[in-house]
Amino acid sequence: MLEKSYALNLIVKGIEGTVNKTGLQLSYPEGTRPPELPIITEGEKSIIMYRSDDGSRMRIVHEGDKLSLHIAKADLADAPDDDLPRVSLNLLDLEAFDERDLKYIFEEYIETIEKTFSTKSSSTGKKLPTPVSRTQAKNGTLSYDANTLGDRFTKLYPELREEYKNNIELYDEFLAEDFFVNHGNALVLETLKGNDSMKMRQLFKLLNDIYEDGTNDTQSLVAVTILGVTIAENMELFDKCKEYFSDTMNEPVTEIITFLSKNKSARMRLENPPVYKPQKQKKKGMFASMMGM
């Protein structure tokens, strides 16, 4: 179990070197001085604020079991402090997390901060597609797509971030089947076999969220390409995993796993997707096509 002030302090220390390069500095409320951590309390929220001379701001907000990062560069200097754009959202379970989990969070923050304040020209390399935000998905504006799944998956497994970028560079879009079959599923299997409750909760929070508000094709990726194939080939893991399925995901994913566990030829087709060809029109999800739907 972690103390909240201890956890926030480790995150602040972890990003300190990156933050210093941006010109941002910790904003200390009246009555607070270094080395005390400048935590501002607003109801159930604990807030750490950064400001720079050019008007840029950054805000770390802890509320409940969520930790969010908000950044506004100088061009948004008129925006209220409590309305800065959110650029990252993480689970912060103080009862279950340890220092390793905090390291994952502040490493993601470092990448996000560097990307936000980068002065490098965007003309080199392919620009990554913009993921669908949680707000857009929850209010029905957009549904989670395959790219959002890939983006969030590689923040949970940062060792695959370069493979995600290479995939987009190679195919001019995110080819999810190729990515998960050849890279992502191996780490999913490693997590399932490890049966670490914290890691399992992180993985299934992501998969449940994406499935709940994803497009049909994206739901197929979660249910078939990732969980279906991985668990069907390792049925001894099924009972361990099932308790993490959301109510929405439980029945369809269970049916898919059961089907694939008894149908080796179907699994082989999923594990060896056809050679990629640019599509002129939207294609059905892999599972729907396989079943003749």
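Throughout what follows, the structure given in this document is the object of discussion. Small disclaimer: the values here were computed from a predicted structure and weren't measured.

Things to note about the overall build of the protein
Part 1 of the reasoning: If you tally the helices and strands in the protein, you get 12 helices and six strands.
Part 2 of the reasoning: For the protein, with 293 residues in total, the buried portion stands at 44%.
Part 3 of the reasoning: Restricting to contacts in the protein with at least 6 residues of sequence separation, those with at least 24 account for 58%.

Some words on the pattern of salt bridges
Part 1 of the reasoning: Under the criterion given, the structure shown has 15 salt bridges.
Part 2 of the reasoning: A salt bridge links Asp81 to Arg51; the shortest N-O distance between them is 2.6 Å. A residue pair is termed long-range when its members are at least 10 positions apart, and Asp81 in the loop between β5 (66-72) and β6 (86-91) and Arg51 in strand β3 (residues 45-51) qualify at 30 residues.
Part 3 of the reasoning: Overall, Asp81 belongs to the partly exposed group, its relative accessible area being 23%.

So, the pairing of β3
Part 1 of the reasoning: Taking burial as the measure, the seven residues of β3 include five buried ones, the bulk of the element.
Part 2 of the reasoning: Bridging between strand β1 (residues 25-26) and β3 involves two bridges; their strand directions are antiparallel. Opposite Gln25, over in β3, you have Arg51 as the bridge partner.
Part 3 of the reasoning: With four bridges joining them, strand β2 (residues 39-42) and β3 adopt antiparallel strand pairing.

Some points on helix α5 (residues 161-171)
Part 1 of the reasoning: Here α5 has its buried residues at Arg161, Tyr164, Asn167, Ile168 and Tyr171. For α5, the buried positions fall inside an angular range of 125 degrees around the axis, keeping them on one side.
Part 2 of the reasoning: On the buried face of α5, the contacting elements are α2 (99-117), α4 (146-156) and α6 (176-194).

What about the packing of α6 against helix α7 (residues 197-212)?
In a packed pair of helices, the relevant descriptors are the angle between the two axes and the axis-to-axis distance.
Part 1 of the reasoning: Interhelical geometry of α6 versus α7 gives an angle of 135 degrees and a closest axis separation of 8 Å. Classified by the angle between their axes, α6 and α7 sit oblique to one another. Crossing geometry of α6 relative to α7 is assigned as left-handed. In contact with Val188, Thr191 and Leu192 of α6, α7 contributes Lys199, Met200, Leu203 and Phe204.
Part 2 of the reasoning: The residue makeup of the contact of α6 with α7, split by class, is five nonpolar, one polar and one charged.

Here's the deal with the packing of aromatic side chains
Part 1 of the reasoning: Tallying each qualifying case throughout the model produces eight aromatic pairs.
Part 2 of the reasoning: With 5.0 Å between their ring centres and 75 degrees between their planes, Phe153 and Phe180 make a pair best called edge-to-face. Residue Phe153 is found in helix α4, and its partner Phe180 is found in helix α6; the two are separated by 27 residues along the sequence. The pair Phe153 / Phe180 is uniform in exposure class, with both members buried.

Quick look at the environment of Leu37
Part 1 of the reasoning: Among the structural elements, Leu37 can be located in the loop between β1 and β2.
Part 2 of the reasoning: It is 8.2 Å that separates the C-alpha atoms of Leu37 and Ile48, two residues lying 11 residues apart in sequence.
Part 3 of the reasoning: Every residue in contact with Leu37, bar those within four places of it in the chain, is listed here: Ser5, Leu8, Asn9, Val12, Thr32 and Ile48.

Brief notes about the nonpolar core
The tendency in soluble globular proteins is for nonpolar side chains to be buried as a group.
Part 1 of the reasoning: The biggest cluster of nonpolar side chains holds 74 residues, and the ones touching the most others in it are Ile15, Phe204 and Phe245.
Part 2 of the reasoning: When residues in this core are grouped by element, the largest group, nine residues, is from helix α8 (residues 216-232).
Part 3 of the reasoning: In this structure, Ile15 is in contact with Tyr50, Met58, Ile60, Phe106, Tyr109, Ile110 and Ile113, ignoring residues within four places of it in sequence.

Reading guide: rules and limits
- Residues numbered from 1 in each chain as written.
- Predicted model: local features only at pLDDT ≥ 70, side-chain atom pairs only at ≥ 80, totals over all residues.
- Heavy atoms only, no water.
- Helix = DSSP H or I, 4+ residues; strand = E, 2+ residues; numbered from the N terminus.
- Buried < 20%, exposed > 50% of the residue type's maximum accessible area, 1.4 Å probe, protein only.
- Contact = heavy atoms within 4.5 Å.
- Salt bridge = Lys/Arg side-chain N within 4 Å of Asp/Glu carboxyl O.
- Pairing = 2+ DSSP bridges.
- Arc of directions from axis to C-beta.
- Axes fitted to C-alpha atoms, helices over the stretch in contact; angles between N-to-C directions.
- Parallel < 35°, antiparallel > 145°, perpendicular 65-115°, else oblique.
- Left-handed = near helix turned anticlockwise from the far one by under 90°.
- Nonpolar A, V, L, I, M, F, W, Y, C, P; charged D, E, K, R; others polar.
- Phe/Tyr/Trp six-rings, centres within 6.5 Å; stacked < 30°, edge-to-face > 60°.
- Core = buried A, V, L, I, M, F, W, Y, C linked by side-chain atoms within 4.5 Å.

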